[in-house]
Amino acid sequence: MTARRTILITGASSGLGEQMARDFAALGRDLALCARRTDRLERLREELLAAHPGITVAVRALDVTDHDRVFTVFRAFRDDLGGRLDRVIVNAGLGKGQPVGTGRFDANLHTVRVNLDAALAQCEAAVEIFRAQNAGHLVVVSSMSAMRGLPRNLTAYAASKAGVATLAEGIRAELLRTPIKVTTLFPGFIASEMSSRSEKAPLTVSTEKGVRAMVRAVEAERARAEVPAWPWVPIGFAMRHLPLRLVAKVT
């Protein structure tokens, strides 16, 4: 399998992105880390270089809803890391939302813009670079919520994560006969800054344990992976096949 030496991670200042940076740094990878909060990125960079002095860590500010800047930052990171990006992890996301029709269209629209529109911009920028290289690995972070339409505060979020999963699958279909690989991750309940709801839910695992499962799936370059596999593979099967009334009742 091709070694992926240089890895770009969006949304790397906290949560899953921050822990993925730690795990990939421990594997000796060079990193390009971006997020809005550059103070946290700089602290993370210092931590990673102190623990792994042989690697390169580049950081840049990025609001992924600024689509033009997504392209600019990705190209700049490619240059920072020797003119090549081997892997891009589209991780930046948002978890807020409100029941549809309750006067909070603004919150739901913002969720869709961050989780889907901005993800499209990131995928476009990454795959443009990969096509020019004729190599690369695109990783898109979806959610177990993408398996079905969900009620209450999860409606817009689930729809956005289903959209990004379908986007990734379409890109994979486009690139099947090329050296470019695509992985879609479906995390279950993993404790993180964004997942205040899931931190209180049964079956929640620590950030460290959940991200270890994510990194294993990424390194294996699986086409899709529910992570951690237990219990989310059987739960995913149930979510896709149970009557909607039962899925709505337990979410």
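Residues numbered from 1 in each chain as written. Predicted model: local features only at pLDDT ≥ 70, side-chain atom pairs only at ≥ 80, totals over all residues. Heavy atoms only, no water.

A.B. asks: Please set out the overall build of the protein residue by residue, giving values where relevant.
C.D. replies: Regarding its fold elements, the protein presents nine helices and seven strands. Its C-alpha atoms give the protein a radius of gyration of 17 Å, within 12% of the compact-globule value 18 Å for 251 residues. In terms of overall dimensions, the protein has a C-alpha envelope of 50 × 40 × 35 Å along the principal axes. In the protein, which comprises 251 residues, the share counted as buried stands at 50%. Within the protein, residue pairs in contact and separated by at least 24 positions form 68% of the contacts whose partners lie at least 6 positions apart. Summed over all atoms, the accessible surface of the protein reaches about 11,700 Å², with 54% contributed by carbon and sulfur. Distance between charge centres in the protein, computed from 35 positive and 25 negative side chains, equals 8 Å. (Helix = DSSP H or I, 4+ residues; strand = E, 2+ residues; numbered from the N terminus. Rg over C-alpha atoms; globule rule 2.2 N^0.38 Å. Buried < 20%, exposed > 50% of the residue type's maximum accessible area, 1.4 Å probe, protein only. Contact = heavy atoms within 4.5 Å. Areas by Shrake-Rupley, 256 points an atom, 1.4 Å probe, with all protein chains shown as cover. Lys, Arg positive; Asp, Glu negative; His and termini not counted. Charge placed at Lys NZ, Arg CZ, Asp CG, Glu CD.)

A.B. asks: I'd like a description of the pairing of strand β2 (residues 30-35), backed by residues and values.
C.D. replies: Counted residue by residue, β2 has six buried out of six residues, so it is predominantly covered. Side chains Asp 30, Ala 32 and Cys 34 project from β2 onto one buried face, and the interleaved Leu 31, Leu 33 and Ala 35 project onto a second face that is buried too. Pairing between strand β1 (residues 6-10) and β2: five bridges, direction parallel. The residue bridging Ile 9 from the neighbouring strand is Leu 33, located in β2. Crossover connection from β1 via helix α1 (residues 15-26) to parallel β2: handedness right-handed. The parallel pair β2 and strand β3 (residues 57-61) is bridged by helix α2 (residues 38-51), and the resulting crossover is right-handed. (Pairing = 2+ DSSP bridges. Right-handed = clockwise from strand over helix to strand, strands pointing away.)

A.B. asks: Please provide a residue-by-residue account of the packing of α1 against helix α7 (residues 207-220), values included.
C.D. replies: Two elements in contact, α1 and α7, have axes whose closest approach is 9 Å; the angle formed by their N-to-C orientations is 65°. Helix-helix and strand crossings are classified by hand; for α1 and α7 the assignment is right-handed. Of the residues in α7, those touching α1 at Gly 15, Leu 16, Gln 19, Met 20, Asp 23 and Phe 24 are Thr 207, Glu 208, Val 211, Arg 212, Met 214, Val 215, Val 218 and Glu 219. Of the residues assigned to the contact of α1 with α7, the class counts are seven nonpolar, three polar and four charged. (Axes fitted to C-alpha atoms, helices over the stretch in contact; angles between N-to-C directions. Left-handed = near helix turned anticlockwise from the far one by under 90°. Nonpolar A, V, L, I, M, F, W, Y, C, P; charged D, E, K, R; others polar.)

A.B. asks: So what's going on with the side chain of Thr 184? Which residues, and what values?
C.D. replies: Following the sequence through the fold, Thr 184 ends up in strand β6 (residues 180-187). Reaching out from Thr 184, the side chain makes a polar contact with the side chain of Arg 172 at a distance of 2.8 Å. Sequence-distant contacts of Thr 184, that is, excluding residues within four places in its chain, are made with Val 140, Ser 142, Ala 165, Ala 168, Arg 172, Arg 222, Ala 223, Arg 224 and Ala 225. (Polar contact = N/O pair within 3.5 Å; in protein donor to acceptor, adjacent residues only side chain to side chain.)

A.B. asks: Could you give me a rundown of the packing of aromatic side chains, with the residues and numbers involved?
C.D. replies: Applying the stated criterion to the full structure yields one aromatic pair. Ring centres of Phe 189 and Trp 232 lie 5.1 Å apart, and the angle between their planes is 75°; on these two criteria the pair is classed as edge-to-face. Here the residue Phe 189 occupies a position in the loop between β6 and α6 (196-199), and Trp 232 occupies one in helix α8 (residues 229-241), the gap between them amounting to 43 residues. (Phe/Tyr/Trp six-rings, centres within 6.5 Å; stacked < 30°, edge-to-face > 60°.)

A.B. asks: I'd love a proper account of the pattern of salt bridges, names of residues and values included.
C.D. replies: Overall, the coordinates contain 16 salt bridges when judged by the stated rule. Between Glu 18 and Arg 22 there is a salt bridge, and its shortest N-O distance comes to 3.0 Å. Taken together, the residues span about one helical turn, with Glu 18 and Arg 22 both in helix α1 at a distance of four residues. Residue Asp 79 is joined to Arg 78 by a salt bridge in which the shortest nitrogen-to-oxygen separation is 3.5 Å. (Salt bridge = Lys/Arg side-chain N within 4 Å of Asp/Glu carboxyl O.)

A.B. asks: Before we move on, could you go through the nonpolar core and cite the residues and values that matter?
C.D. replies: Formed by 32 residues in total, the largest nonpolar core has its most connected members in Leu 8, Phe 74, Val 88, Phe 130 and Leu 138. Among the elements that make up this core, the one with the highest residue count is helix α4 (residues 105-133) (nine residues). Discounting residues that sit within four places of it in the chain, Leu 8 has contacts with Ala 32, Cys 34, Phe 74, Phe 77, Leu 85, Arg 87, Val 88 and Ile 89. Listed in part, the 30 residues of the second largest apolar core include Ala 12, Ala 35, Ala 213 and Met 214. (Core = buried A, V, L, I, M, F, W, Y, C linked by side-chain atoms within 4.5 Å.)

A.B. asks: For the environment of Tyr 157, give the residues involved together with the corresponding values.
C.D. replies: Along the polypeptide, Tyr 157 turns up in helix α5 (residues 155-174). As a C-alpha pair, Tyr 157 and Ile 9 span 148 residues in sequence and 21 Å in three-dimensional space.

A.B. asks: With reference to specific residues and values, describe the sheet that holds β3.
C.D. replies: Across the sheet, which stays open at both edges, the seven strands sit in the order β3-β2-β1-β4-β5-β6-β7 with parallel pairing between neighbours. Pairing within the sheet leaves two strands with one partner each, and these edge strands are β3 and β7 (224-227). Put simply, the sheet's adjacent strands are angled 15° from each other on average, direction ignored. One ladder, built from four bridges, connects strand β4 (residues 87-90) with strand β5 (residues 136-141); its direction is parallel. Bridge pairing in β5 links Val 90 to Val 140.

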